[in-house]
Amino acid sequence: MTRLLAMAPAWLGGLWRLVPRVPGQVAGGVSLLCFLIWAITGAGYFWPAWVWLSLALILALVVAWRWSRLAPPGPRRSLETQGAFSIVLVVYTVFNWAISERGYFWPVWVLIGAAIAFAVHLVYLRNRGADLRPARERELTERVETLTETRRGALDVQAAELRRIERDLHDGAQARLVALSMQLGRAEEGLADRPEIAALVRQARAEATAANAELRDLARGIAPPVLTDRGLAAAVEALGSRSPVPVTVDAQLGRRPAPVIESAAYFVVAESLTNVAKHAPKARASVTIRLDRDELDVVVADDGPGGADLAAGSGLDGLRRRVAALDGDLEVASPAGEGTRIEVRLPCGS
């Protein structure tokens, strides 16, 4: 209530600024003239109240019209116009009843009629699918949708760029290192009579082989070739086959989701299985993947000791941020002694 009283001066000032200057001055002059005539002629029945009420009705309708014109064109403005006019008419009839003999409160029928007309108009607009949200809310919603679309586009571009880098590493640097290792092997064979130089060549070959292995791991971490070539189900099955703990994979997709969604789901499974192997090496794990029209569900569960903490685990926190970047949800259920269940939902509606 205090807040409303504090806002009243600014609100009334805004309405006052909507009163047309010349008609307002004319109405004020006529009102004063009627009052003076009433006072000079004996100050009997206060008939100027009816003149004032009529002038107030005209000015109020003008103010209501000008106020409704402040809203952007559209269905909401027509509804606000009707609402403003209805309020003016209801207030007018109440004052009319108040300065008359009163008695039966007949303005209630005007109120009911205005409410019914407003409700019919509202239902009609809603049935036509009109957007009746305030302009500010519509702008914010459109802005959020635009930001979501642009962010999703940026993530798609990033995913495509990472896959291009993976291909370049696989076809370029890795191929060159393999060729270098083979050349060093042939050079080593030709230096059998010079063991010291052969040892250096052998060491260089070992370094090239190690660099190639690191580069292969790096490329697999950026975008695994099996994920790019064969899709999420095959990539997760490959993860399960390489995992040091027994893993059961149940993937039913039907179609391939967007590359950025595939990558996020893959790394969720990879990090989760790594955590199982690290913290519950004697456990068994299962991976379930389901894809419908609008959502990709990924569940990684194990029968280990449980007790995983999303806040404390940097790996789980990284998964949460990766999923959140795609407007997805990640839930971790890990009661002590009952295993761990990680459930991820990624939006992938077309």
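Undergrad: I'd love a proper account of the sheet that holds strand β4 (residues 329-333), names of residues and values included.
TA: Spatial strand order, β1-β2-β3-β5-β4: 5 strands in an open sheet with mixed pairing. Each having just a single partner strand, β1 (247-252) and β4 make up the two edges of the open sheet. Shown here is a sheet whose adjacent strand axes are inclined to one another by a mean of 10°, direction ignored. Running at roughly 175° to β1, helix α9 (residues 232-242) makes contact with β1, β2 (285-291) and β3 (295-302) of the sheet.

Undergrad: I'd like to hear about a nonpolar patch on the surface, residue by residue, with values.
TA: Taken together, the side chains of Tyr104, Trp106, Trp109, Ile112, Ile116 and Val120 present a nonpolar region at the surface, about 670 Å² in accessible area. Inspection of the secondary structure puts Tyr104 in the loop between α4 (75-99) and α5 (107-127).

Undergrad: Account for the pairing of β4, with residues named and values stated.
TA: Here 5 bridges tie β4 to strand β5 (residues 340-347), and the two strands are oriented antiparallel to one another. Along β5, the bridge assignment pairs Val332 with Ile342. From the end of β4 to the start of β5, which pair antiparallel, there are 6 residues, and Gly337 there has a positive phi angle of about 80°.

Undergrad: Which residues make up the packing of α4 against α5, and what are the values?
TA: Following both chains from N to C, one finds α4 and α5 inclined at 175°, their axes separated by 9 Å at the closest point. Considering the angle they form, α4 stands roughly antiparallel to α5. Side by side, α4 and α5 meet where Pro75, Ser78, Leu79, Gln82, Gly83, Ser86, Leu89, Val90, Thr93, Val94 and Trp97 of the first sit next to Pro107, Val110, Leu111, Ala114, Ala117, Phe118, His121, Leu122 and Leu125 of the second.

Undergrad: For α9, give the residues involved together with the corresponding values.
TA: Side chains of residues three or four places apart in an α-helix project in the same direction, reflecting 3.6 residues per turn. Within α9, the full set of buried residues consists of Leu232, Ala234, Ala235, Val236, Ala238, Leu239 and Gly240. Check the buried side of α9 and you find it contacts α8 (225-230), β1, α10 (259-279), β2 and β3.

Undergrad: Requested: an account of the pairing of β5, with residues and values cited.
TA: In the sheet, β3 pairs with β5 via 8 bridges, with the strands oriented antiparallel. The residue bridging Asp302 from the neighbouring strand is Thr340, located in β5.

Undergrad: So what's going on with the side chain of Asn96? Residues and values would help.
TA: Counting through the fold element by element, Asn96 comes out in helix α4. If we skip the residues at most four places from it in the chain, Asn96 touches Trp50, Leu53 and Trp106.

Undergrad: Can you lay out the pattern of salt bridges for me, pointing to particular residues and giving the numbers?
TA: One pass over the full model with this rule turns up 6 salt bridges. Asp250 is the salt-bridge partner of Arg290, the closest N and O atoms lying 2.7 Å from each other. Here Arg290 is found in strand β2, whereas its partner Asp250 is found in strand β1, with 40 residues between them in sequence. By relative accessible area, Arg290 is classed as partly exposed at 30%. The partly exposed category is assigned to Asp250, whose relative accessible area is 31%.

Analysis parameters
- Residues numbered from 1 in each chain as written.
- Predicted model: local features only at pLDDT ≥ 70, side-chain atom pairs only at ≥ 80, totals over all residues.
- Heavy atoms only, no water.
- Pairing = 2+ DSSP bridges.
- Helix = DSSP H or I, 4+ residues; strand = E, 2+ residues; numbered from the N terminus.
- Axes fitted to C-alpha atoms, helices over the stretch in contact; angles between N-to-C directions.
- Contact = heavy atoms within 4.5 Å.
- Patch = residues over 30% accessible without salt bridge, like charges linked within 9 Å, V, L, I, M, F, W, Y side chains within 5 Å.
- Areas by Shrake-Rupley, 256 points an atom, 1.4 Å probe, with all protein chains shown as cover.
- Salt bridge = Lys/Arg side-chain N within 4 Å of Asp/Glu carboxyl O.
- Parallel < 35°, antiparallel > 145°, perpendicular 65-115°, else oblique.
- Buried < 20%, exposed > 50% of the residue type's maximum accessible area, 1.4 Å probe, protein only.

Purely geometric stuff here, so don't read any function into it on its own.
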